[in-house]
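Geometric and topological summary
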Amino acid sequence: MLDRIAKENADDPAARYINARPINTQTSSEETFKVARKWLRACLDSHEDCRRDESIAGFTPTRVVEILDTAPSWRVRICRPAAQVDYVALSYCWGGPQTMLTTTTEQAWNTSLPWDALSQTIQDSIYVSARLGFRYLWIDALCIVQDDLTDKMGEIAAMTHVYGAAALTIAASSASTAKEGFLQNRKFTDFPNQVFALAIRCPDGQVGSVTMFRPPPNTHLSAEPLDGRGWTLQERHLSNRFLDFKTLQLRWSCNTMLLKEEQGYVDGWDNEDIADAIAQVDAVYDAMGTWMRMIYGYTLRNLTVATDRILAISGIADVLGQWIEGEYWAGLWESNLPLCLMWQSTPSGSESTALSPRPTEYQGPSWSWVSVNTIVHYEPLPAIFETCVEALGCDIELVAKSAKYGAVKKAQLCLRGRTRRAVLRYCPDVVSQYERKFKLDAGLVEGNAYARGDALEAEFASHSSLAIKVLLLEVVRKVRMLNSAKGGGEAISEGLILRQLPSQQYSRVGAFAFYTDAKPGQEVPQNIWFNECDEEVLRLI
């Protein structure tokens, strides 16, 4: 398959009709840094929406990497700034072991960092920072004491400020590991003998010219290694300015361009609109909706350390927490708790997706999405719904008391609502639109019961036909109208599938839905599945 690019000459008639431009193959050339400095200066001088937020205007990181000498004899060190400094932040893939700050190396590194021991990506980021005129930069591996839990939790809690106050964030998008680096010359084709110029007649009748070539495989602009890493989602969205070193281009984006829905600047190739798996942060008008979309986009990504699941999105929670009322409970929000409880594992329509085993190491309470390692999504709500459960309180113990959006040691949620007994069966061969390998026997006289498991429980993994007794807790009741001029619709009752523990507490194992169809022209029936059921007070862990 051939691609086409217009010549860089703006006078060529074809340039008005073809967006793609010649690829800049010299990633670390003077021309590259000249255009990057131009973008940065234009943003600093004229973009009001890219100014630091007043709440973090005076923020200074605990530690930064200081550039003392540049090429040919690079000399850098770790320092604690005594006053506010302009610094660059780095967003990159670790991809394995690398040189890190520890309690045993910090004192020596305050004098000098071992340059040759630094990964290529970190060396490249230092080089870029110097070429752009910066003396300081923040790199997580070197600015957080990795074997000091107190320091680590405190620095992670400050991520909102670290990236929000940075003058610029450099993204090493093209590198899947820190060893790779991101300043290699670009290769725009594997078939140099199949590059040729072609004259074309433009829609206005003029004759222009384009270059035809075969791009390397797997080089779509949105398919970058950095976009699959969990931590980098918040690093991108917390940054005011983002200089992105991609496989085929250098791309600039900033808050002003995002607010104006502009595509950003590129130094070549295609300036297509790159959409993330989630929407941009819309804290003012739709904070809760933004959070729920963020969860889906975030859980599509990968984490090297599974227990980082709640940590790697804590900065976004910090930002949205300014607009969402109530407390933050291990990934859920008190003020919207019934809706937050209704997360589901695996995306809708992904029939081939298998459940991941439930983690053996504690990541969070079972009632939160942070407790599992699956992709998580929220179903859109219909116009008519009501919540059916009352939150009586949550006892939560944080790993670090000062990090309220951070890791959790333990948590117990107390709920009051109507319950119904049922039996949950694991059926590996069952894969339908509503059921993912589970069957729910709830003794319904009418309607249908569907179950979705949160994870593959240990007993299900060893006994494929096992059935367990469960408790169904009604959380949301809603009516979804069908697309019919004559009316009709579905009455739906949704809630949590729980099982009792020896401690008389309950753990979540999945979510259920009861459906009943109404034919066009019929009135949607009232929900009757829980009408005869008693309320209970349950303690979930």
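So, here's what we can say about the structure.

Analysis parameters
Once a new chain begins, its residue numbering starts again from 1 and follows that chain's sequence as written. Restriction of local features to residues with pLDDT of at least 70 applies here, the model being predicted, together with a cutoff of 80 or more for giving and counting side-chain atom pairs; totals for whole chains, interfaces and linings are based on all residues. Note that water and hydrogens are dropped before the side-chain values are worked out from all heavy atoms of the structure. Remark: nonpolar core denotes a set of buried residues (Ala, Val, Leu, Ile, Met, Phe, Trp, Tyr, Cys) joined through side-chain atoms within 4.5 Å. Note on classification: 1.4 Å probe, protein chains only; a residue is buried when its accessible area is under 20% of the maximum for its type, exposed when over 50%, partly exposed between these limits. Helix and strand assignments come from DSSP, with helices taken as H or I runs of at least 4 residues and strands as E runs of at least 2, each series counted from the N terminus. Contact between two residues is taken to exist if any of their heavy atoms lie within 4.5 Å; hydrogens are not considered. To pair, rings of Phe, Tyr and Trp, with the six-membered ring standing in for Trp, must have centres within 6.5 Å; the planes then decide the type, stacked if under 30 degrees apart, edge-to-face if over 60, and tilted in the middle. Any Lys NZ or Arg CZ that is within 6 Å of a ring centre and within 35 degrees of that ring's normal is treated as a charge sitting over the ring. Within this document, salt bridges are pairs made up of a side-chain nitrogen of Lys or Arg and a carboxyl oxygen of Asp or Glu, the two lying within 4 Å of each other. A pair of strands is treated as paired once DSSP finds two or more bridges between them. Inter-axis angles, ranging from 0 to 180 degrees, are taken between N-to-C directions of lines fitted to C-alpha atoms, where helices are fitted over the stretch in contact.

1. A few points about the nonpolar core
Membership of the largest hydrophobic core comes to 118 residues, with the highest contact counts inside it found for Val65, Ile126, Trp291, Trp367 and Trp369. Here the element with the most residues in this core is helix α9 (residues 283-299); it accounts for 7 residues. Not counting chain neighbours up to four residues away, the residues in contact with Trp291 comprise Ile313, Ile316, Ala317, Leu320, Tyr328, Gly331, Trp333 and Trp369. Residues Ala422, Tyr426, Phe438 and Phe512 belong to the second largest nonpolar core, which totals 20 residues.

2. A look at the environment of Ile170
Inspection of the secondary structure assignment puts Ile170 in strand β6 (residues 168-171). Ile170 sits in the buried class, given a relative accessible area of 0%. The residues contacting Ile170, other than those within four sequence positions of it, are Val88, Ala89, Leu90, Ser91, Ser125, Val128, Ser129, Phe182, Leu243 and Phe245.

3. Focus: unusual backbone geometry
Here the residue pair Ala71 and Pro72 is connected by a cis peptide bond, since its omega of 5° sits within 30 degrees of zero. Along the polypeptide, Pro72 turns up in the loop between β2 (64-69) and β3 (75-79). The phi angle at Ala330 is positive, at roughly 50°, despite the residue not being glycine. For Ala330, a relative accessible area of 2% gives the class buried. Phi at Gln504 is positive, roughly 70°, even though this residue is not glycine.

4. Brief notes about the packing of aromatic side chains
For the coordinates displayed, the defined rule picks out 18 aromatic pairs. When the ring of Tyr426 is compared with that of Phe438, the centres are 5.4 Å apart and the planes differ by 55°; the resulting orientation is tilted. Here Tyr426 is found in strand β18 (residues 408-431), whereas its partner Phe438 is found in strand β19 (residues 436-441), with 12 residues between them in sequence. Just as Tyr426 is buried, Phe438 falls in that class too. Aromatic side chains Phe514 and Trp529 sit 5.4 Å apart centroid to centroid with 70° between the ring planes, which places their arrangement in the edge-to-face category. Here Phe514, found in strand β23 (residues 506-518), pairs with Trp529, found in the loop between β23 and β24 (535-540); they are 15 residues apart in sequence, far enough to count as distant. Through a chain of ring-to-ring contacts, the aromatic side chains of Trp291, Tyr298, Tyr328, Trp333, Trp369 and Tyr405 assemble into a single cluster. The ring of Trp343 has Arg508 sitting right over it, with the charged end atom 3.6 Å from the ring centre.

5. As for the pattern of salt bridges
Oppositely charged side chains may form a pair once their charged atoms are brought near each other. Inspection of every chain in the model, using the stated rule, returns 26 salt bridges. We note a salt bridge from Glu397 to Lys409, for which the minimum N-O separation is 3.9 Å. Here Glu397, found in strand β17 (residues 389-398), pairs with Lys409, found in strand β18; they are 12 residues apart in sequence, far enough to count as distant. Here Glu459 and Arg499 are joined by a salt bridge, their closest N and O atoms 2.2 Å apart. Remark: Arg499 occurs in strand β22 (residues 489-500) and Glu459 occurs in helix α12 (residues 458-462); sequence separation between them is 40 residues. Since its relative accessible area comes to 23%, Glu459 is described here as partly exposed. Ionic contacts of the salt-bridge type, sharing partners, join the residues Arg63, Arg80, Glu106 and Asp151 into one network.

6. A short note on the sheet that holds β3
Spatially, the 8 strands line up as an open sheet ordered β3-β2-β5-β4-β6-β9-β10-β11, and their pairing is mixed. A strand with exactly one partner marks an edge of an open sheet, and here the two such strands are β3 and β11 (265-266). As defined by bridge partners, strand β4 (residues 87-91) adjoins β6 across 4 bridges and the pair is classed as parallel. Within β6, the residue paired with Ala89 across the bridge is Thr169. In this fold helix α1 (residues 30-46) packs onto β9 (241-245), β10 (250-254) and β11, with an angle of close to 5° to the strand it touches most, β10.

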